[in-house]
Amino acid sequence: MKKIRFLTVLILLLVLVLGAGITGNVQAKGQVEGQVAIIFATGGLGDKSFNDSAMRGMQMAKEEYGIEFDYAEPTAIAEYQTYLTQFANTRQYDLIISIGFDQADALTATAERFTDQNFAIVDMVVDKPNVASFVYKEQERGFLVGAASALVTAKTGDPRVNPDKVIGVIGGMKIPLIDANIAGFMAGAGYIDPEVKVLHSYVGHWADPAKGKELTISMIEQGADIVWGAAGRSGLGVINAAQEKNIYAIGADSDQGYLAPDNILTNGMKFVDNTVLLAIDQVLKGKFKGGINVLGVKEDVLGYSKNLLPVDVINKLEEIKAKIIKGELQIPDKIEDVK
Amino acid sequence: MNDIIYVIFGINTLAAAIRITTPIALAAMGGAFSERSGIINIGLEGMILCGAFAAVLGSFYTGSPWLGVFLSLLLGGFIGALFACFTIKFKADHVVTGVGLNILALGATTYLMQVLWGCKGSSPNVKGLSEVSIPIIKDIPVIGKLLGTHSPLVYIMFLLVFAGWLLLFKTPLGLRIRITGEHPEAADTLGINIKGIQYFSVILSGCLAGLGGAYLSLGQLNWFSMNMSAGRGYMALAANIFGHWNPLGCLAASFLFSYTDALQMRLQSLNIGIAHELIQMLPYILTIIVLAGAVVRSRPPAALGEHYETNK
């Protein structure tokens, strides 16, 4: 019995110490240029893509505007609201940024409770007067890398490219955002060459690289020589498989070229950093406004990176980019709508 | 249609299933040992995760993946000992302790990643285990493609499963483990050191699950990623029950799940007109059906989950 009591006390102490650590972190800041809090998606920092890019944006804002920021890395969807409330409760932040589509429900509830607090969400729409939503025309970057893949898979004389005109794309989960990317990818490939076959499948998990790798291998078996991984940390498995089987992989969100310099053809870039910077800029200049901001290639928050792309492909992509900016291309955002 | 048949019976699908099954089968066998001695082991998930972490840690600091594998056995065993200490010595509820262990493993590995590498998401790339080819087998037409070239841990898994079966069913120690889980009182009367047997089984369980983790991080990939076990421990738990607490059964059950998973991945990209969501569910639906069917017939060790005290 004594032992149990001792253990209980020990655990309580631990909880207290850890709890104090968290709140202490939130409160121990004075007033500076501007204070921003950011809550990352469950993928967490170190995904070498989406969240890391958002973090870069925060650091850029710190250097550029001298803001101070705090951040939280929830590990489960259920934790979002706790962090949002915690940050909002301090009433000292000029802006609280939610990263990732799955924070929408938590943010809706929190924004209703703290009507004076400014919020921003990236990748999803929350329809509240005090929330600025930043969403992307995902299909546009899908279109760009899809077109790049279709051009490269037809090339000869590259050991990483096989004679079959088959390319693939792997999504993390079947959600509208990922499907818009996939639809764009298919449309882009079809725009260049209708004969190119595009495989697509889903991991069902954002952080299972081993499964991402197996899925890629299954596509390689079916003749794919370029695979795009739009799957969070599961996408790192796509790159690993491409390296092992010596085919091309396409990275997502950030430039992942350094992970496999000889096998990353290009990246479907999403400049979350620029988006975060844009949101902070609006707040600091007093121009914060609730509502939806739809961003794309035109606003320079979506695009591709050059990496191993041959010059002729880059030229063609620049042509396409110009057309997208002019609004000359109708890119579907649903897989069913791709011809 | 041809594509579908090719995928269902294809060697590639089976070879992928062997790769996917390795960590699950190892952990499931760990579960079998632990539960045969009467300790419910929900903590397999956490043990896999710790093993995966230790393997990368070992390879990172020594540059030798094999030392990483050794470290994964060691840490897996240590986590097993910790689990055993709580469940056997302090008589904590097995399920609650197991769940706690899983949370601890996720938190601790994430925290350590932050401390060691300054990044919570994934570790730097380390030297992984390269695949090996078995000289004669690799030249046999079908079998060669299926079993000829794999990570060494795949072959070790096959050997260990067989050895585990021998140990559990063909040796006096195995008999003692089984009787401890069936009827500890009878075992006690025979002078068997019940706690010793249980400690042994649970520590072994941790080592095996840890090795499964090492395969995940060094065999299939070459880095550690937060929560990379992604539910494999729970699949192993199901495979253990479906496999009737028998290492060979565990392997068969894990293989069935993994085969369905490998099939699911291929069916998805074939685009056969069935919704992706439904195809992705295949392994899990199968798990539920199989467990619902198997639990009726299978009988767990009689004293599973109970605390036994000598001289009471």
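All figures in this text were calculated on a predicted structure; none of them were measured in a lab.

Asks: Looking at this structure, how should I read the overall build of chain A?
Replies: A count of helical and extended segments in chain A gives ten helices and twelve strands. Since a compact globule built from 339 residues should have a radius of gyration of about 20 Å, the 22 Å found for chain A is in line with a globular shape. Referenced to the eigenvectors of the C-alpha coordinate spread, the extents of chain A come out at roughly 70 × 55 × 35 Å. The buried share of chain A, reckoned over its 339 residues, is 58%. Once local pairs closer than 6 in sequence are excluded, the contacts in chain A between residues at least 24 apart make up 68%. Carbon and sulfur atoms make up 55% of the accessible area of chain A, which totals about 14,100 Å². Separation between the mean location of the 33 positive side-chain charges and that of the 42 negative ones in chain A comes to 3 Å.

Asks: Whenever I open this one, the domain arrangement of chain A confuses me. Can you help?
Replies: Interface size, as often reported, equals the accessible area lost upon joining of the parts. Residue and element names in this part refer to chain A. Structurally, chain A comprises domain 1 (31-136 + 273-295) and domain 2 (138-270 + 309-337). Taking only C-alpha atoms into account, the centre of domain 1 sits 29 Å from that of domain 2. In this assembly, eleven residues from domain 1 lie in contact with 13 residues from domain 2. Roughly 1,100 Å² of surface becomes buried between domain 1 and domain 2 when both sides are summed, with 52% attributable to carbon and sulfur atoms. Where domain 1 touches domain 2, the interface holds one salt bridge. One salt bridge in this structure joins Asp123 and Lys270, with 2.9 Å as the shortest N-O distance. Where domain 1 packs against domain 2, one counts two residue pairs in polar contact (both at pLDDT 80 or more).

Asks: Sorry if this is basic, but what is going on with a nonpolar patch on the surface here?
Replies: Residue and element names in this part refer to chain B. A cluster of nonpolar side chains, Phe60, Tyr61, Tyr111, Leu112, Val115 and Leu116, forms an exposed patch at the surface whose accessible area comes to about 600 Å². Breaking the nonpolar patch down by element, the ones donating at least two residues are helix H3 (44-62) and helix H5 (94-117). Of the residues forming the nonpolar patch, the biggest block, four residues, is contributed by H5. Position of Tyr61 relative to the elements: it lies in helix H3. Since its relative accessible area comes to 53%, Tyr61 is described here as exposed.

Asks: Any chance you could explain helix H2 (residues 11-36) of chain B here in plain terms?
Replies: Three- or four-residue spacings in an α-helix give side chains the same orientation, since the helix completes a turn every 3.6 residues. Residues and elements named next belong to chain B. Between its first and last C-alpha, H2 extends 35 Å over 26 residues, near the 38 Å set by a 1.5 Å rise per residue. Maximal helix bending in H2 amounts to about 40°, located at Thr21; proline Pro23 follows within four positions. In terms of burial, H2 is largely enclosed, as 24 of its 26 residues are buried. Positive backbone phi, approximately 100°, marks Gly38, located one or two places after H2.

Asks: What should I look at first to understand the nonpolar core in this one?
Replies: Note that soluble globular proteins tend to have their nonpolar side chains buried in a common cluster. Counting 97 residues, the largest nonpolar core has Ile170(A), Val227(A), Met47(B), Leu153(B), Phe224(B), Met228(B) and Leu267(B) as its most contacted members. Looking at this core, the element that brings in the most residues is H2(B), giving 13 residues. Excluding residues within four positions of it along the chain, Met228(B) makes contact with Ala207(A), Asp208(A), Leu49(B), Ala52(B), Leu216(B), Ser217(B), Leu221(B) and Trp223(B). Formed by 70 residues, the second largest nonpolar core is a distinct cluster that contains Ala183(A), Tyr202(A), Leu277(A) and Ala279(A).

Criteria and thresholds
- Residues numbered from 1 in each chain as written.
- Chains lettered and ligands numbered in written order.
- Predicted model: local features only at pLDDT ≥ 70, side-chain atom pairs only at ≥ 80, totals over all residues.
- Heavy atoms only, no water.
- Helix = DSSP H or I, 4+ residues; strand = E, 2+ residues; numbered from the N terminus.
- Rg over C-alpha atoms; globule rule 2.2 N^0.38 Å.
- Buried < 20%, exposed > 50% of the residue type's maximum accessible area, 1.4 Å probe, protein only.
- Contact = heavy atoms within 4.5 Å.
- Areas by Shrake-Rupley, 256 points an atom, 1.4 Å probe, with all protein chains shown as cover.
- Lys, Arg positive; Asp, Glu negative; His and termini not counted.
- Charge placed at Lys NZ, Arg CZ, Asp CG, Glu CD.
- Domains from an automatic or database assignment.
- Buried area = accessible area lost by both parts, 1.4 Å probe.
- Salt bridge = Lys/Arg side-chain N within 4 Å of Asp/Glu carboxyl O.
- Polar contact = N/O pair within 3.5 Å; in protein donor to acceptor, adjacent residues only side chain to side chain.
- Patch = residues over 30% accessible without salt bridge, like charges linked within 9 Å, V, L, I, M, F, W, Y side chains within 5 Å.
- Expected span 1.5 Å × (residues − 1).
- Bend = angle between axes of the 7 residues up to and from the residue.
- Core = buried A, V, L, I, M, F, W, Y, C linked by side-chain atoms within 4.5 Å.

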